[in-house]
Amino acid sequence: MNTTSCPPPAALTIRKLVVEVVEARDLLPKDGQGSSSPYVVVDFDGQKKRTSTKYRDLNPVWNEMIEFVVSDPEHMDSEELDIEVFNDKRYGTNSGSGRKNHFLGRVKMYGSQFAKRGEEGLVYLALEKKSVFSWIRGEIGLKIYYYDQLAEEAHPPPQNPPPPEDPPQSQEKPILLAPTEICHEGTHSPPHRIIEEPQVVHYHSEPPADPDMPAQQPEAQYTPEIRKMQRGGNGGDRVRILRRPNGDYSPRVISGKFATESERIHPYDLVEPMQYLFVRIFKARGLAHNEIPYVKIKASSHYVKSKPASHRPGEPTDSPEWHQVFALRQNRPDSASATMEISVWELSSEKFLGGVCLDLSNVPVRDPPDSPLAPQWYRLEGDATDQHGSVSGDIQLAVWIGTQADDAFPEAWHSDAPYLAHTRSKVYQSPKLWYLRVTVIEAQDLHIAPNLPPLTAPVIQVKAQLGFQSLRTRRGSMNNHSASLLFNEDLIFVAGEPLEDSLVLLIEDRTTKEPALLGHILVPVSSIEQRTDERHVASKWFTLEGGGCGGGGGSYCGRIHLRLCLEGGYHVLDEAAHVCSDFRPTAKQLWKPPIGILELGILGARGLLPFKSKGPGKGSTDAFCVAKYGKKWVRTRTIPDSFDPRWNEQYTWQVYDPCTVLTIGVFDNWRMFADMSEEKPDSRIGKVRIRVSTLESNKVYTNSYPLLVLSRTGFKKMGEIELAVRFACPSMLPDTCAVYGQPLLPRMHYLRPLGVAQQEALRGAATRMVAAWLDRSEPPLGHEVVRYMLDADSHTWSMRKSKANWFRIVAVLAWAVGLAKWLDDIRRWRNPVTTVLVHVLYLVLVWYPDLIVPTGFLYVFLIGVWYYRFRPKIPAGMDIRLSQTETVDPDELDEEFDTIPSSKAPDIVRARYDRLRMLAARVQTVLGDFATQGERVQALVSWRDPRATKLFIGVCLLITVVLYVVPPKMVAVALGFYYLRHPMFRDPMPPASLNFFRRLPSLSDRLM
């Protein structure tokens, strides 16, 4: 048996981490003389190094580079980098008897925040406390990056042994699996469809494994799954669905034998295993004379063909190669007599070149993390008609039984998704987006037209363009002391990596109707400086080119003063703020470590409606699912012609903030039937959002959610999707709880905030860039899919959304209304026993006022405990009652889906405008009522009504005298009992105080 040659071993590389300690600012004085002598200690991977000491300097500048060797590059992301600043007591006068130097602050970072060499930037980090009682201030500026170099280039280790006080670097140290372990970003593990994390990290409530336990124990946990597959259990019966009426639009729990909280998590434990017969065809040798051979595979109900073979340059034509994998769905256990035929044929003449018959009862079962099955050579045999021995040669195959967790599954040809171009499951990554800030300061020496009318100032504006984005400054103001135009205006764009575009700035004279170009410049975005904080960026003068300066292309047309920078401290929003899935800044150096892992199992869908017509009275649906969280998008394979597709695919994301939303959408695939020249958009079937903070830690939620779609014709239920979700994280550890006290957005959003309208415009540009980026993938995610997942149209006007928001406000204020009704029932003595108890409680609180605040918090605590019984058991989906979709008017729906500008007839637009005016009139009346009440409060002492003001200040003087004479407790008791008096002592007319307030004047009589 021939064996394939192994590839040459890769060159050994060594990864090094460089920490450049630049400077520190505003340190705390600790030497007793108003200063400190600081130095920095850096600890990484058991290696500890320090900088020099700066004598008596609260703003020291080191500019020293410290280099470390990364012992395990694959797990560098989980390593901690500790940076501590100390005051050297040898240079102080109050050294005292203690031996330890004074602590000035610390910074802790993780490997996921390290940048590659060439991508690093200067980052200023605030110094943190070591304990609650530490007094720390200041910040430290660092540059941290890593690089790989060949082992031959590395310096040899010194021959002399290290000093005895330094620990040997080769000493092994135990590595503990931290709850916030960070996996290697950028790698892809096919069984899990992961980009940022190559393995499923085992976050659980159970303690970490004991290092004294035998190493074979984790392998034993996969044995039950192997036995189950050998028995050939039918996975389709694993989930039992109970049909409910079509009118039920609420999520519901579905039963399934999934892992409980006490079981160990292993890959694909959220979905039911689907059994596949994998056939990997490598190559053949010694075939009979042929031109282009291909392979046919026939097993039970499957009949597939391979692609035409290829030949290596210089190899004989009788040794073709395919390197193709097939995954044939096994719906039921194969019988002992089941066989599979693999034959080789010539493409042009359909000549039989030989075949192999395999017994499926002897096919091995492979379950990851097993290594790939080694291929074997099989002798090709002829059929009964081959009398002359024309069949010859061997074919190299590998056949095994596995599940969707197999490494070969993503690249395999699937029997349940035969169209390869647009049906494979894929993982996508959103582009890295930056905010580009262009500050236009001034322009000088412009060639402005001299023939302007008298007393006419030139209208000079700067127009900036970046790709499809275009912004224009306001009119520049002339400087009286110099012939220059001042602008001092910021223009912000969205720039996406790779930074290949160029920023174009045009200086236009718009004094006349025809704008005149005075000059332009072209600035490559890749040459613009990047910053991660609010530090000052130096401005530059740029010489203008072109324009109407005359004298050829080399003449001087003026210059413009600009400040350009790429903002890495912002988060570029591409989703609506209320359904955002990520709040991390652009600069990776500012990322915090993840707090957990979000796992999603997409089981399948039920009862989908037909979207395509296959013939008279027949329809079909080719459904696929898209999930989006953070920068990572996932797409399942397309199941053709099925109203109950079963995907059973599992994906994993790292969670940096629990107050984020996971979005899952289901679509009908039209692109797989479209030609290259035409584009058929995919149809939306429905969408589900799950807020991560509503998930309990380490609990599996297996639910069925309705797929709801709102269109011009109305609201419709398109089917149901079955999902399994788990948020694996420590429940109440300090890192998890501390997230709730941190700002939602990065620091730059609060130091230099963006306007609401500006933020919305930038979000539209970011959405368009993400859609264009994903549309260039293979298979592409269409712009209609991306816009639907990102809620690109959430800001548009809708009468239905306005009503929904109004009822949301009413629901929020319902507790106040309920409290007012309860008090009204108390004072009307509807329940005498309750009213008497309220009197007693009121007396106790008045006599002991220090119990009021504790009693209020105790009451809130009891309310929270009481409502624990009614907590939601499953994550909520779309709410049709909250969305006002059941009672929406058809004309309002048609208006909601209308384009801008409107495409409707003028009479329809006029009717909608009149309806909007009526609604605006109601809003106007409500706003006027609010203003009237406020103006009446001001009129109490404004003397607009002299008699009313005299009465008011007189009553105030009388109340003052009474409160000075009578004890306040007695006054409080009298007022309380007067308010709670029996209805027989109460006048049904409004009280005098309310009548007095309503008679006060307002400014409404001055309105025209």
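Keep in mind the model is a prediction, meaning the values are calculated, not measured.

## Points about the packing of aromatic side chains
Right, so step 1: Applying the stated criterion across every chain, the model contains 15 aromatic pairs.
Right, so step 2: A network of ring pairs unites the aromatic residues Y276, F278, W400 and F409 as a single cluster.
Right, so step 3: Directly above the aromatic system of F68 lies the positively charged group of K49, at a separation of 5.3 Å from the ring centroid.
Right, so step 4: Between R584 and the ring centre of W591, over which it is positioned, the NZ or CZ distance is 4.1 Å.

## Points about the pattern of salt bridges
Right, so step 1: As enumerated under the stated definition, the model contains 50 salt bridges in all.
Right, so step 2: Residues D406 and R366 are paired through a salt bridge, measuring 2.7 Å at the closest nitrogen-oxygen approach. Linking D406 in the loop between β18 (394–402) and β19 (413–414) with R366 in the loop between β16 (352–359) and β17 (376–379), this pair joins segments that are 40 residues apart in sequence.
Right, so step 3: You can call D406 buried: its relative accessible area is 1%.
Right, so step 4: Taking the shortest distance from any N to any O, the salt bridge between R830 and D825 comes out at 3.3 Å.
Right, so step 5: R830 gets classed as exposed once you look at its relative accessible area, which sits at 56%.
Right, so step 6: Judged by relative accessible area, D825 falls into the partly exposed class, the value being 31%.
Right, so step 7: One network of salt bridges, in which partners are shared, links R712, D891, D894, E895, K904, R912 and R915.

## Some details on the nonpolar core
Generally speaking, soluble globular proteins have nonpolar side chains that are buried together.
Right, so step 1: Residues L598, L600, W653, I664, I721 and L723 are the most contacted members of the largest nonpolar core, which totals 36 residues.
Right, so step 2: Elements with a minimum of two residues in this core: β31 (596–606), β34 (623–629), β36 (646–655), β37 (661–668), β38 (683–691), β39 (700–711) and β40 (714–728).
Right, so step 3: Here this core gets five residues from one element, more than from any other, and that element is β40.
Right, so step 4: If we skip the residues at most four places from it in the chain, L723 touches L600, G601, I602, L603, I664, I690, Y701, T702, N703 and Y705.
Right, so step 5: Counting 33 residues, the second-largest nonpolar core is a separate cluster that includes Y39, V41, L81 and F103.

## Examining helix α15 (residues 968–979)
Right, so step 1: Along its twelve residues, α15 runs 16 Å from first to last C-alpha, staying within 8% of the 16 Å computed at 1.5 Å per residue.
Right, so step 2: Buried within α15 we find V971, V973 and G976.

## Comments concerning the environment of F282
Right, so step 1: Tracing the backbone shows F282 in strand β11 (residues 276–285).
Right, so step 2: For F282, a relative accessible area of 16% translates into the label buried.
Right, so step 3: Taking the C-alpha atoms as reference points, F282 and Q324, 42 residues apart in sequence, are found 6.8 Å from one another.
Right, so step 4: Setting aside residues no more than four positions away along its own chain, F282 makes contact with E321, W322, H323, P375, Q396, L397 and A398.

## Focus on the confidence of the model for the protein
Right, so step 1: Averaged over all residues, the pLDDT of the protein is 80; the fraction at 70 or higher stands at 83%.
Right, so step 2: Confidence over residues 156–246 falls short of pLDDT 50; this stretch has 165 contacts with residues more than four positions distant or in other chains.
Right, so step 3: Low pLDDT, under 50, characterises residues 257–265; the predicted model gives this stretch 25 contacts beyond four residues in sequence or across chains.

## Looking at the environment of S134
Right, so step 1: The topology assignment puts S134 in the loop between β8 (123–126) and β9 (139–150).
Right, so step 2: Taking relative accessible area as the criterion, S134 reaches 18% and is therefore assigned buried.
Right, so step 3: When the C-alpha positions of S134 and G105 are compared, they lie 8.7 Å apart, and in sequence the two are 29 residues distant.

## Quick notes on the side chain of K628
Right, so step 1: In this structure, K628 sits in strand β34.
Right, so step 2: Relative accessible area serves as the criterion here: at 1%, K628 is assigned to the buried category.
Right, so step 3: Engagement of the side chain of K628 in a polar contact is seen with the side chain of S581, the distance being 3.2 Å.

## Quick look at the sheet that holds β17
Right, so step 1: Strand order in the open sheet formed by five strands is β17-β18-β11-β14-β19, and the pairing between neighbours is mixed. One side of each edge strand has no neighbouring strand; the edge strands of this open sheet are β17 and β19.
Right, so step 2: Note: β17 against β18, four bridges, orientation antiparallel. By the bridge assignment for β18, W377 is matched with Q396.

## Focus: helix α10 (residues 832–847)
Right, so step 1: The terminal C-alpha atoms of α10, which comprises 16 residues, lie 23 Å apart, in line with the 22 Å expected from a rise of 1.5 Å per residue.
Right, so step 2: Among all positions of α10, only T835, H839, L845 and V846 are buried. Mapping the buried residues of α10 onto a view down its axis gives an arc of 135°, with all of them on the same face. With respect to the buried face of α10, the exposed residues turned more than 90 degrees away are V833 and L837.
Right, so step 3: Taken together, the buried residues of α10 touch α9 (814–827), α11 (852–867) and α15.

## Observations concerning the sheet that holds strand β22 (residues 460–466)
Right, so step 1: In spatial order, the strands read β23-β22-β26-β27; together these four strands make up an open sheet with antiparallel pairing. Looking at the sheet topology across the chains shown, the edges are occupied by β23 (469–472) and β27 (516–524). Each strand of the sheet is rotated relative to its neighbour by a mean of 15°, with strand direction disregarded.
Right, so step 2: Where β22 lies against β23, four bridges are found, and the strand directions are antiparallel. Note on β23: the bridge partner recorded for Q465 is S470.

Cut-offs used in this document
Residues numbered from 1 in each chain as written. Predicted model: local features only at pLDDT ≥ 70, side-chain atom pairs only at ≥ 80, totals over all residues. Heavy atoms only, no water. Phe/Tyr/Trp six-rings, centres within 6.5 Å; stacked < 30°, edge-to-face > 60°. Lys NZ or Arg CZ within 6 Å of the ring centre and 35° of its normal. Salt bridge = Lys/Arg side-chain N within 4 Å of Asp/Glu carboxyl O. Helix = DSSP H or I, 4+ residues; strand = E, 2+ residues; numbered from the N terminus. Buried < 20%, exposed > 50% of the residue type's maximum accessible area, 1.4 Å probe, protein only. Core = buried A, V, L, I, M, F, W, Y, C linked by side-chain atoms within 4.5 Å. Contact = heavy atoms within 4.5 Å. Expected span 1.5 Å × (residues − 1). pLDDT = per-residue confidence, 0-100. Polar contact = N/O pair within 3.5 Å; in protein donor to acceptor, adjacent residues only side chain to side chain. Pairing = 2+ DSSP bridges. Arc of directions from axis to C-beta. Axes fitted to C-alpha atoms, helices over the stretch in contact; angles between N-to-C directions.

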